[in-house]
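The chain contents come next:
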Amino acid sequence: KTKLGPSVITEYLQRVVEDLREVEGGAVKDSIPALANADPNPIGIAVATVDGAIYQAGDSKQEFCIQSISKAFTYAQALTDRGMDGVFEKIDVEPSGDAFNEISLQPETGRPANPMINAGAIAATSLVKNTAHGTRRERILRLYSRLAGRQLRINKTIHAQENRSGDRNRALGWLLSSRDIIEGDPTNALEDYFAQCSVMLNCVDLARMGATLAAGGVNPLSGERVLSTQVVSDVLSVMYTCGMYDDAGRWALKVGLPAKSGVAGGIIAVLPGQLAVAVFSPPLDQHGNSVRGVAACERLSQDLDLHFARTE
Ligand code: GLN
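Per chain, residue numbering runs from 1 following the sequence as it is written. This being a predicted model, a pLDDT of at least 70 is required before a residue's local features are given, and a value of 80 or more before pairs of side-chain atoms are given or counted; all residues contribute to the totals for chains, interfaces and linings. With hydrogens and water stripped out, all remaining heavy atoms of the structure feed into the side-chain values.

1. As for the domain arrangement of the protein
Going by this rule: Reported domain spans reflect what an automatic or database domain assignment gives. We call two residues in contact when some of their heavy atoms are within 4.5 Å. A simple way to read buried area is as the amount of 1.4 Å-probe accessible surface that goes missing from two parts once joined, with both sides added.
Partitioning the protein into domains gives domain 1 (6–65 + 201–303) and domain 2 (68–197). Spacing between the C-alpha centres of domain 1 and domain 2 amounts to 21 Å. Contacts between the two partners involve 38 residues from domain 1 and, on the opposite side, 34 residues from domain 2. Buried area between domain 1 and domain 2, summed over both chains or domains, comes out near 2900 Å², and the portion from carbon and sulfur atoms is 71%.

2. Thoughts on the side chain of Thr74
What counts, and what does not: Secondary structure elements are defined from DSSP: runs of H or I of at least 4 residues count as helices, runs of E of at least 2 residues count as strands, and each element is numbered from the N terminus. Accessibility here uses a 1.4 Å probe with only protein chains present; expressed as a share of the type maximum, an area under 20% marks a residue as buried, one over 50% as exposed, and anything in between as partly exposed.
Tracing the chain through its elements places Thr74 in helix α3 (residues 70–88). Judged by its relative accessible area of 1%, Thr74 is buried. In this structure, Thr74 is in contact with Ala124, Thr125, Val128, Ile140, Tyr144 and Gln196, ignoring residues within four places of it in sequence.

3. Regarding the pattern of salt bridges
When the charged atoms of two side chains with opposite charge come close together, those side chains can pair. The condition that has to hold: Salt bridges are defined as contacts in which a side-chain nitrogen from Lys or Arg sits within 4 Å of a carboxyl oxygen from Asp or Glu.
Throughout the structure, instances matching the rule amount to 15 salt bridges. One salt bridge connects Glu191 with Arg137, and the closest N-O pair in it is separated by 3.8 Å. Here Glu191 is found in helix α8 (residues 187–197), whereas its partner Arg137 is found in helix α5 (residues 136–148), with 54 residues between them in sequence. We classify Glu191 as partly exposed; its relative accessible area is 24%. Put simply, Asp247 and Arg250 hold a salt bridge, and the shortest N to O gap is 3.1 Å. Of the residues examined, Asp247 reaches a relative accessible area of 5% and is grouped as buried.

4. Side note on empty space enclosed by the protein
Keep this limit in mind: Only protein atoms enter the 1 Å grid used here, on which a cavity is any set of points holding a 1.4 Å probe that cannot leave and a pocket is any open set flanked by protein within 12 Å on both sides along at least five of seven lines; residues with an atom within 4 Å of a point are listed as lining. Grid points are joined across faces, edges and corners, and a volume is the space filled by probe spheres set on the points. Asp, Glu, Lys and Arg are counted as charged, while Ala, Val, Leu, Ile, Met, Phe, Trp, Tyr, Cys and Pro are counted as nonpolar; the rest, among them Gly, fall into the polar class.
Applying the stated criterion to the full structure yields one cavity of 30 Å³ or more. Counted as a void, the largest cavity has a volume near 40 Å³. Sorting the residues of the lining of the largest cavity by element identifies α5 and α8 as the ones contributing at least two each. The element that contributes the greatest number of residues to the lining of the largest cavity is α5, accounting for four residues. Residues of the lining of the largest cavity, tallied by class, amount to six nonpolar, one polar and two charged.

5. Focus on the pairing of strand β7 (residues 266–271)
Defined as follows: Here, strands pair whenever DSSP counts at least two bridges between them.
β7 sits mainly inside the fold: six of its six residues count as buried. Burial of the side chains of β7 extends over both faces: Gly266, Ile268 and Val270 are buried on one face and Ile267, Ala269 and Leu271 on the other. Between the end of strand β6 (residues 259–261) and the start of β7, which pair antiparallel, lie four residues, with Gly265 showing a positive phi angle near 110°. Here β7 runs beside strand β8 (residues 275–280); their pairing, made up of six bridges, is antiparallel. From the neighbouring strand, Leu271 faces β8, where its bridge partner is Leu275. With antiparallel pairing between neighbouring strands as the criterion, β7 and β8 make up a hairpin whose turn holds three residues, including Gly273 at a positive phi of roughly 85°.

6. Some remarks on the sheet that holds strand β1 (residues 44–49)
Going by this rule: Axes here refer to lines fitted to C-alpha atoms; in helices the fit is confined to the stretch in contact. Angles between the N-to-C directions go from 0 to 180 degrees.
Reading across the sheet, the five strands line up as β2-β1-β8-β7-β6 and stay open at both edges, with antiparallel pairing between neighbours. Of all the strands in the sheet, just β2 (54–58) and β6 have a single pairing partner and so form its edges. For this sheet, the mean angle separating the axes of adjacent strands, direction not counted, is 10°. Of the strand pairs in this sheet, β6 and β7 are connected by three bridges, and their pairing is antiparallel. Bridging across to β7, Lys260 finds its partner in Ile268. In the packing of helix α1 (residues 6–20) onto the sheet, contacts are made with β1 and β2, and the angle to β2 comes to roughly 30°.

7. Thoughts on the side chain of Asp92
Here is the rule: Side-chain atoms alone can form a polar contact between residues adjacent in sequence; in general such a contact is a pair of N or O atoms within 3.5 Å, and within protein one must be able to donate a hydrogen while the other accepts it.
Its place among the elements puts Asp92 in the loop between α3 and α4 (118–127). A relative accessible area of 8% places Asp92 in the buried class. Reaching out from Asp92, the side chain makes a polar contact with the side chain of Gln106 at a distance of 2.8 Å. If near-sequence neighbours (up to four positions away) are discounted, Asp92 is found in contact with Gln106, Arg111, Pro112, Ala113, Asn114 and Pro115.

8. What about the sheet that holds strand β4 (residues 153–154)?
Sheet strands pair via backbone hydrogen bonds, and the direction of the pair is either parallel or antiparallel. Here three strands make up an open sheet; going across it, the order is β3-β5-β4 and the pairing antiparallel. Strand pairing shows two members of the sheet lacking a second neighbour, β3 (64–65) and β4, which therefore form its edges. In terms of strand pairing, β3 meets strand β5 (residues 199–201) through two bridges, oriented antiparallel. Paired with Cys65 across the two strands is Met200, which belongs to β5.

9. Some details on the packing of α1 against helix α12 (residues 291–303)
Operational definition: Geometric relationships in this document are graded by angle, where less than 35 degrees denotes roughly parallel, more than 145 denotes roughly antiparallel, 65 to 115 denotes roughly perpendicular, and other angles denote oblique. For any pair of crossing helices, the crossing counts as left-handed if the nearer helix is rotated counterclockwise from the farther one by less than a right angle, and right-handed if it is rotated clockwise.
The contact between α1 and α12 brings their axes to 10 Å, and the two run at 140°. Relative to α12, the element α1 is oriented oblique. With respect to the hand of their crossing, α1 and α12 are arranged in right-handed fashion. Contact with α1, carried on its side by Tyr12, Leu13, Val16, Asp19 and Leu20, involves Arg292, Ala295, Ala296, Arg299, Leu300 and Asp303 of α12 and no other residues of that element. Here the residues of the contact of α1 with α12 are counted per class, giving seven nonpolar, no polar and four charged.

See the structure below:
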């Protein structure tokens, strides 16, 4: 909604990064060595528009692992492969108010509450098809790469660490299997879920992925249709209600944008039809969301008037 020249926007983002250095608190995730040993100091921010413009400041080119931000995109692939009805049978779309790794399966159906917490995300990964055009893992990586507009890669060290420390997720996988949400042995789906969490990218990539969603599924740079408008609208709706875990309600009030966070410290937020914001800063709050990332999105939403419910 705001019309500003490019250098004005870049200077503004640089100022935001400087101000974020004063924001303290939070702790890096200690679930795997790669995250526990991460430098807590980098702060990156990028804004990508549906016109293909990109604005960035701070450590916007520093790579980190996508972690749970992947859940939104894999859900998009599951919807593409199975249709909403096919996916809805296995995964509900209700905000759970639970932590991201909660053992939350609905008592009657065994369905996970939504695809943005681990239980639902592992189920979503299992619904992506192995086809003649590629294995499930290859197709997931290809989707992320087409959304970003460059070839992304899985970090093998992080993948191995996720695998080694993944007992709780494995337990979720077997629970899902016991209720036929995942058919048969969940081991392959879990392996692919750990792999998708280990995809490396930077804020620019993430902002471009978000801009592709903002543009209804067409990558603004390549012009390629990557997802259907229906799938994008379904994914953004679920991101809005469930993307920030048990902070989703407060986030909706304060920021007012569909979003998704990951435990490496990344956050993506999307203003449909306009732009996407990506932020990276490793220290997390008690919900598993980046402390500075949340602060940055609150600030941008206010300053640039991004909240969907604001009427003036
Ligand atoms: N790999 C992490 C897990 O499955 C991802 C969690 C997250 O980013 N919130 O536990």
